[in-house]
Amino acid sequence: MRHVSLGGLDVSRIGLGCMGMSAFYTGAGTDEAEAVRTIHRAIDLGVTLLDTAEVYGPYTNEELVGRALADRRDEVVLATKFGILSHSGPGARRGPDSSPRNIRAAVEGSLRRLGTDRIDLYYQHRVDPDTPIEETMGALAELVADGKIRYVGLSEAGPGTIRRAHAAHPVAALQTEYSLWTRDPETDVLPLTRELGIGFVPYSPLGRGFLTGRIRSRDQLDDTDFRKDNPRFSEANFEQNLRIADEVEAIARDAGATPAQTALAWLLAQGDTIAPIPGTKRVSRLEENVAADTLTLTPEQLTRLAALSAPSGDRYTDMSPLNR
Ligand SMILES: NC(=O)c1ccc[n+]([C@@H]2O[C@H](COP(=O)([O-])OP(=O)(O)OC[C@H]3O[C@@H](n4cnc5c(N)ncnc54)[C@H](OP(=O)(O)O)[C@@H]3O)[C@@H](O)[C@H]2O)c1
């Protein structure tokens, strides 16, 4: 597995998103043994970057990852996130909250659940409009000084926030949705990360599974599945968007690869500071996704992928917390 540097943090260029093992998607939380096997197989195949967040579950995904890493903590770069939940009043409530007080409470919980004494990459999950980013970065810099976290990341931050944050303390990585059907970062944040030497971690690189061509009907999704209410998976847009999955499938056939591998190889071809974190809770899909490391698409295939039809529907029901 090839590696990339996220602002100085060395990671395998394909990581593993652990969210769907515990939350949001159909089947989450139903097979812990297979989820743990998936994490272990990832490590065996050279994946070092594992992604979770306190809000996944909440908490249960960090606990699962912590159990899986009981004997293997030192083999991975462990990334988690704070800031969607608030612990700064009595009890936990929905945030956003990136106040120093909340960060100091959140990090202790994440360290405990993950069973570790340090988090390698600690992301602000969403920008908090009520806390100046300089205050947030100041609190994070203190955690770095204390050895509780090693590197700092942002998620879905806009260009102005990224610049201000990076001026206060180095930002190692920006984690934002980026895939064949979500090209928004190319306008400004991806060029900015290149300019500032910040790594880019595309989340939902398989379009939440849609780009793999394996989701052909809304009936495959439980009513509790986050995607059931996502505009791109809605009754109104689903059929229309299937054309995109079909186009990816045709190019994948040409490349002698699967659609998932093709979607990942396209992302990897966008630069050498990019480390997508495809999510799966199954060993077989993990193996399939990791094999994208050795897939090189031809210039013609890359051009065809870049010219896919535009998706119907926003990527979230509420776009307001994004790109702040
Ligand atoms: N920062 C943020 O705000 C944010 C938001 C969303 C996600 N994330 C992170 O990014 C990670 C990845 O994103 P994601 O899980 O939303 O979406 P994704 O990686 O685009 O897709 C995951 C979905 O695709 C399926 N899948 C995976 N590999 C497949 C394959 N080879 N063939 C067919 N289906 C396949 C998975 O199902 P199975 O599990 O059943 O295989 C799952 O339903 C998450 O785990 C999380 O850590 C971050």
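Residues numbered from 1 in each chain as written. Predicted model: local features only at pLDDT ≥ 70, side-chain atom pairs only at ≥ 80, totals over all residues. Heavy atoms only, no water.

The chain has the name Aldo/keto reductase in an unreviewed UniProt entry, where Streptomyces uncialis is given as its organism.

*Asks:* Please explain the packing of helix H1 (residues 32-44) against helix H2 (residues 60-68) as it appears in this structure.
*Replies:* Two packed helices can be described by the angle between their axes and the distance between those axes. The N-to-C vectors of H1 and H2 enclose an angle of 60°; their axes lie 10 Å apart at closest approach. Classified by the angle between their axes, H1 and H2 sit oblique to one another. Remark: the crossing between H1 and H2 carries right-handed chirality. For the pair H1 and H2, the contacting residues are Glu 32, Ala 35, Val 36, Ile 39 and His 40 in the first and Leu 64, Val 65, Arg 67 and Ala 68 in the second. A class-by-class count of the residues in the contact of H1 with H2 yields six nonpolar, one polar and two charged. (Axes fitted to C-alpha atoms, helices over the stretch in contact; angles between N-to-C directions. Helix = DSSP H or I, 4+ residues; strand = E, 2+ residues; numbered from the N terminus. Parallel < 35°, antiparallel > 145°, perpendicular 65-115°, else oblique. Left-handed = near helix turned anticlockwise from the far one by under 90°. Contact = heavy atoms within 4.5 Å. Nonpolar A, V, L, I, M, F, W, Y, C, P; charged D, E, K, R; others polar.)

*Asks:* I would appreciate a short explanation of helix H8 (residues 259-268) in the present structure.
*Replies:* In terms of burial, H8 is a largely internal element, ten of the ten residues being buried. Among all positions of H8, only Pro 259, Ala 260, Gln 261, Thr 262, Ala 263, Leu 264, Ala 265, Trp 266, Leu 267 and Leu 268 are buried. Residues of H8 that are buried in the fold lie against strand E11 (199-203), helix H7 (235-255), helix H9 (283-290) and helix H10 (299-306). (Buried < 20%, exposed > 50% of the residue type's maximum accessible area, 1.4 Å probe, protein only.)

*Asks:* Looking at this structure, I do not really get the nonpolar core. What am I missing?
*Replies:* The nonpolar side chains of a soluble globular protein tend to be buried, and buried together. In this structure, Leu 16, Ile 39, Tyr 122 and Leu 140 are the most contacted members of the largest nonpolar core, which totals 76 residues. In this structure, Ile 39 is in contact with Leu 16, Cys 18, Met 21, Leu 50, Val 65, Ala 68 and Leu 69, ignoring residues within four places of it in sequence. Membership of the second largest hydrophobic core comes to 17 residues, among which are Leu 6, Val 11, Leu 49 and Ala 275. (Core = buried A, V, L, I, M, F, W, Y, C linked by side-chain atoms within 4.5 Å.)

*Asks:* Hey, could you run me through the pairing of strand E9 (residues 149-155) in this one?
*Replies:* Remark: a regular strand shows side chains that alternate across the two faces of the sheet. Most of E9 sits out of view: five of its seven residues are buried. Both strand E8 (residues 119-124) and E9 contribute to a ladder of five bridges, which runs parallel. Each bridged residue has a counterpart across the sheet, and for Tyr 123 the counterpart in E9 is Gly 153. After leaving E8, the chain enters helix H4 (residues 133-146) and then returns to the sheet as E9, a path that is right-handed. Handedness of the crossover joining E9 and strand E10 (residues 173-177) through helix H5 (residues 159-168) is recorded here as right-handed. (Pairing = 2+ DSSP bridges. Right-handed = clockwise from strand over helix to strand, strands pointing away.)

*Asks:* Would you mind showing me how to read H7 here?
*Replies:* Because each turn of an α-helix spans 3.6 residues, side chains separated by three or four positions end up pointing in the same direction. With 21 residues, H7 should reach 30 Å at 1.5 Å per residue; the first-to-last C-alpha distance of 31 Å fits that figure. Along its length, H7 reaches its greatest deviation from straightness, about 25°, at Asn 241. Within H7, the full set of buried residues consists of Asn 237, Phe 238, Asn 241, Leu 242, Ile 244, Ala 245, Val 248, Ile 251, Ala 252 and Ala 255. (Expected span 1.5 Å × (residues − 1). Bend = angle between axes of the 7 residues up to and from the residue.)

*Asks:* Any chance you could explain the sheet that holds strand E5 (residues 77-82) here in plain terms?
*Replies:* Think of a sheet as strands paired side by side through backbone hydrogen bonds, with each pair either parallel or antiparallel. The strand order across the open sheet formed by seven strands is E3-E4-E5-E8-E9-E10-E11, and the pairing between neighbours is parallel. Two strands in the sheet have a free side with no partner beyond their single neighbour: strand E3 (16-17) and E11. Strands E5, E8 and E9 of the sheet are contacted by H4, whose axis makes an angle of about 155° with E9.

*Asks:* Even after reading the chapter, I still don't get the UniProt feature "domain: NADP-dependent oxidoreductase" (unreviewed entry) in the chain, so can you show me in this structure?
*Replies:* The positions that UniProt labels "domain: NADP-dependent oxidoreductase" (unreviewed entry) are, in the present scheme, residues 14-308. Structurally, residues 14-308 is divided into 39% helix and 13% strand, and its ends, taken at the C-alpha atoms, are 23 Å apart. (UniProt positions renumbered as here; feature names shortened; annotations may be inferred.)

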